[in-house]
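Commentary on secondary and tertiary structure
As a plain string of letters, each chain reads:
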Amino acid sequence: MIELADVLDARERVAATARHTPLDYSHTFSAMTGADVHLKLETFQRTGSFKIRGATNRIATLSDEQQDAGVVTASAGNHAQGVALAATRIGVDSKIVMPEHAPVSKVKATRNYGAEVVLHGADYDEAAQRAHEIEREEGRVYVHAFDDPMVMAGQGTIGLEVLEDLPEVETLVVPIGGGGLISGIATAVKAKNPDARVIGVQAEGASSVADSLQKGEVVERDSVDTIADGIATRKVGERTFEVIRERVDEVVTVTDDETAVALTTLLERGKTLVEGAGAVPLAALLEGKFDYADDEVIVPCLCGGNIDLNVLTTVIMRGLVETGRYLRIRTTLKDRPGELERLVEVISDARANIHAIEHDRAGKDVAMNAAEVELDLETKGPDHADALLEALREEGYEVDVLV
């Protein structure tokens, strides 16, 4: 099990590559939660994620012979970029296996950092199987994304930075995928300040740690399903699980809808863009997934900002729906002149904005003398959406809410 000395040694190795990222006090989220909230912005890290820390520490500790052999790893994106850049900086050849559906932006970035990218498998675990095959076939050194002491120690340098910048910190909230990040942070924090809490957060659709803690052993999920692709792993690491059991105070889960709301709120109110994995700590805080005192000094670790634009579009839409600011409805009109105009007038009088409209007379479930209409509407919040629906129903429209 890694110790504080490993993290301190890692800080010396990664200092020239990894940035000491900002710790930003948030008036907005402090007011929303009643806590004293400071955001650890690993979104400003090189490669846009904390992963450069662990990758740099691991590759720096390879022997000359191992470096000459080259490295291989598997990653959904952030570890891939970290390994690619860390290897390129010291002249080590790298090959990265990424899931076939990895975000395009992360695949391109990994290639731009100098790695050869192989797309394989539906998720991280299938990509890892292929990476281990390459390890055996080509004699490369496998750089694990999380279940490696040197990788964990590198990630733990975040904990050292938080303690240096905010000695009074009481709780750190950290995302968990395979467990490397929280293992390193918990090791550093608990050694220097045993009274500080470390709370882990997983996506509900990839909750291997929560399941494993309940059963007392590592449990592998059959599949994962979450918008937080950076923490979409089927199981926690064997080594990281032991650290989590000993040094992490609590592990909670959040839904994708809760993650989407946190991401969009952070973007709109905090002017900060994160990926899904980076939003889950804030989601746990906003949704009250763990207990905390008024004015408790809390640091959500926003672990990365590498979100694909197509995914961002979907997440923003989900966040708007969840906060009552986007509504899709369906209703039926009589098929005669002026009916659509009358519907639009009701919506206009309610001060909602029509984003899109689809008018269908030919559907098999539509009566011969009728037309079915679907509308995407922009609203100002749940109360406004409810008022709009009430106004439509008072005018005699039968309305189905689709999203």
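The following paragraphs examine the structure supplied in this document. (Residues numbered from 1 in each chain as written. Predicted model: local features only at pLDDT ≥ 70, side-chain atom pairs only at ≥ 80, totals over all residues. Heavy atoms only, no water.)

Another aspect to go through is the overall build of the protein. In terms of regular secondary structure, the protein is built from 17 helices and 14 strands. Referenced to the eigenvectors of the C-alpha coordinate spread, the extents of the protein come out at roughly 80 × 50 × 40 Å. Going through the 403 residues of the protein one by one, you find that 56% of them count as buried. Within the protein, contacts between residues at least 6 apart in sequence are counted, and of these 72% link residues at least 24 apart. In the form shown here, the protein has an accessible surface area of approximately 17500 Å², with 44% of it arising from carbon and sulfur atoms. Looking at the protein, you have 41 positive and 71 negative side-chain charges, and the mean spots of the two groups are 3 Å apart. (Helix = DSSP H or I, 4+ residues; strand = E, 2+ residues; numbered from the N terminus. Buried < 20%, exposed > 50% of the residue type's maximum accessible area, 1.4 Å probe, protein only. Contact = heavy atoms within 4.5 Å. Areas by Shrake-Rupley, 256 points an atom, 1.4 Å probe, with all protein chains shown as cover. Lys, Arg positive; Asp, Glu negative; His and termini not counted. Charge placed at Lys NZ, Arg CZ, Asp CG, Glu CD.)

Moving on to the packing of helix α1 (residues 4–14) against helix α9 (residues 157–165). Axis angle and axis distance: for two packed helices, these are the angle between their axes and the distance between the axes, and together they describe the pair. One way to put it is that α1 packs onto α9 with a least axis distance of 9 Å and a crossing angle of 90°. Relative to α9, the element α1 lies roughly perpendicular. In contact with L4, V7, L8, A10, R11 and V14 of α1, α9 contributes T157, L160 and E164. A class-by-class count of the residues in the contact of α1 with α9 yields six nonpolar, one polar and two charged. (Axes fitted to C-alpha atoms, helices over the stretch in contact; angles between N-to-C directions. Parallel < 35°, antiparallel > 145°, perpendicular 65-115°, else oblique. Nonpolar A, V, L, I, M, F, W, Y, C, P; charged D, E, K, R; others polar.)

Another point: the sheet that holds strand β4 (residues 94–98). An order of β5-β4-β3-β6 is seen for the four strands of this open sheet, with the pairing classed as parallel. If you trace the sheet from one side to the other, it starts and ends with β5 (116–119) and β6 (141–142), each paired once. Two elements, strand β3 (residues 71–74) and β4, share four bridges in a ladder whose sense is parallel. Across the sheet, residue V72 finds its bridge partner in β4, namely K95. Across the sheet, helix α5 (residues 78–89) touches β3 and β4, and the angle it forms with β4 is around 175°. (Pairing = 2+ DSSP bridges.)

We now examine the sheet that holds strand β7 (residues 171–175). Strand order in this open sheet of six strands is β1-β2-β10-β7-β8-β9, and the pairing throughout is mixed. On the outer flanks of this sheet lie β1 (23–25) and β9 (250–254), each paired with one strand and no other. Put simply, the sheet's adjacent strands are angled 25° from each other on average, direction ignored. Bridge analysis of strand β8 (residues 197–203) against β9 gives five bridges, and the strand direction is parallel. Paired with G200 across the bridge in β9 is V251.

Of all five residues in β7, five are buried; the element is thus mostly enclosed. Taken together, the five bridges between β7 and β8 define a ladder with parallel strand orientation. Bridged to T171 within β8 is R197. Note that the unit made of β7, helix α10 (residues 180–192) and β8 has a crossover that is right-handed. Direction of pairing for β7 relative to strand β10 (residues 297–302): parallel, over a ladder of three bridges. Opposite L172, over in β10, you have V299 as the bridge partner. (Right-handed = clockwise from strand over helix to strand, strands pointing away.)

This next bit is on the packing of α9 against α10. Running from N to C, α9 and α10 point in directions that differ by 40°, and their axes come no closer than 7 Å. As far as their axial angle goes, α10 and α9 are oblique. Read as a crossing pair, α9 and α10 show a hand that is right-handed. Here I158, G159, L160 and L163 of α9 lie close against α10, whose contacting residues are L181, I185, A188, V189 and K192. Considering only residue class, the contact of α9 with α10 consists of seven nonpolar, one polar and one charged. (Left-handed = near helix turned anticlockwise from the far one by under 90°.)

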